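Summary of the model geometry
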Amino acid sequence: MMVPITPEPPRHKQPGRSMVVHIRRGVTVGAVALLASVAVLQPAQADTETFRDKAGDTGVKADITTVRVKNGANRVTVVVRPGRLKSGDYFRFWLDTVPKNRGPEYKVEVYPNSDGFGLVRVGSFRDKGKLVGCPGLRANADIFTPDRVSISVPRSCMHNPGSVRVSVRGHYEYRGPDVVDWAPAKRKFFGWVAR
Ligand SMILES: [Ca+2]
Ligand SMILES: [Ca+2]
């Protein structure tokens, strides 16, 4: 089945510090495009860090290698290099926004070329959690640009956190057992990214 094509915003900020997200409506299917057309002013003081997950740890192409976290003035953006991206794969992003509480506070689950994602308030990694209204939430996972998967969460949806840290679980559909790659490791976070 054909699915909508949803290109991601330019990976690298332009010197002008403005980022424009374009929408291209793809073919058929009732699925709504993941990204709304929007221009976001990139604050100069945004703190961005790129973390590495071990490459080759899955033994197959499905393999998270980097996770870039941008703790911006208006949004927290996470961009993953997933190794591959196919229909049937999915990604869970956990965000830790309250250092005092060890676990994550939020989760976003992203399926390729689907608008079935939302911001979920959780008490732990295992918590199913509760959906939080967040109209500005964006996610991008496009099987036609399989080199990255990303989420962009307005700070306002998460009580305007200070430092944040993330954990990502890639779930890849394979014949036989599916492949799972946790970044950086099972129920572990990368380092804090200051705001
Ligand atoms: Ca990996
Ligand atoms: Ca926490």
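Going by the structure above, here's the rest.
Residues numbered from 1 in each chain as written. Chains lettered and ligands numbered in written order. Predicted model: local features only at pLDDT ≥ 70, side-chain atom pairs only at ≥ 80, totals over all residues.

Sheet architecture is open: 5 strands sit in the order β3-β4-β5-β11-β10, paired in antiparallel fashion. Each edge of the sheet is formed by a strand with only one pairing partner; in this case those strands are β3 (47–52) and β10 (138–141). Ignoring strand direction, the axes of neighbouring strands in this sheet form an average angle of 10 degrees. Strand direction decides the pairing type here: strand β5 (residues 75–81) and strand β11 (residues 149–154), joined by 6 bridges, are antiparallel. Looking at the pairing, Val-79 lines up with Ser-150 of β11. (Pairing = 2+ DSSP bridges. Helix = DSSP H or I, 4+ residues; strand = E, 2+ residues; numbered from the N terminus. Axes fitted to C-alpha atoms, helices over the stretch in contact; angles between N-to-C directions.)

The next point concerns the nonpolar core. Side chains of nonpolar character tend, in soluble globular proteins, to be buried together. Counting residues in hydrophobic clusters, the biggest one holds 32 residues, and the most contacted among them are Val-67, Val-78, Phe-93, Leu-95, Val-110 and Val-166. Only β4 (66–71), β5, β6 (90–96), β7 (106–110), β8 (119–121), β10, β11 and β12 (165–172) provide two or more residues apiece to this core. Tallying contributions element by element places β6 first for this core, with 5 residues. Once residues lying within four places of it in the same chain are set aside, the contact partners of Val-110 are Tyr-90, Phe-91, Phe-117, Ala-139, Ala-141, Val-149 and Ile-151. (Core = buried A, V, L, I, M, F, W, Y, C linked by C-beta atoms within 7 Å. Buried ≥ 20, exposed ≤ 12 C-beta atoms within 10 Å, placed from the backbone. Contact = placed C-beta atoms within 7 Å.)

Turning our attention to the environment of Ala-141. Counting through the fold element by element, Ala-141 comes out in strand β10. Of the residues examined, Ala-141 has 26 C-beta atoms within 10 Å and is grouped as buried. As a C-alpha pair, Ala-141 and Lys-86 span 55 residues in sequence and 9.2 Å in three-dimensional space. Not counting the four nearest positions on each side in its chain, Ala-141 is found in contact with Leu-85, Phe-91, Val-110, Tyr-111, Pro-112, Asn-113 and Val-149.

If you trace the backbone, Gly-170 turns up in strand β12. Gly-170 sits in the buried class, given 24 other C-beta atoms within 10 Å. Considering only alpha carbons, one finds Gly-170 and Val-110, 60 residues apart in sequence, at a separation of 9.7 Å. In this structure, Gly-170 is in contact with Ala-62, Ile-64, Pro-82, Phe-91, Val-180 and Asp-181, ignoring residues within four places of it in sequence.

Below, the discussion takes up the pairing of β10. Side-chain positions along a regular strand alternate between the two faces of the sheet. Because side chains alternate across β10, one face comprises the buried residues Arg-138 and Asn-140, and the other comprises Ala-139 and Ala-141, equally buried. Where β10 lies against β11, 4 bridges are found, and the strand directions are antiparallel. Note on β11: the bridge partner recorded for Ala-139 is Ile-151.

Taken together, the 6 strands give an open sheet; going across it, the order is β9-β8-β7-β6-β12-β13, and neighbouring strands pair in antiparallel fashion. At either margin of the open sheet sits one strand with a lone partner, and together these are β9 (130–132) and β13 (179–183). In this sheet, adjacent strand axes meet at a mean angle of 25 degrees when their direction is disregarded. Where β6 and β7 come together, 5 bridges link them in antiparallel fashion. Paired with Trp-94 across the two strands is Lys-107, which belongs to β7.

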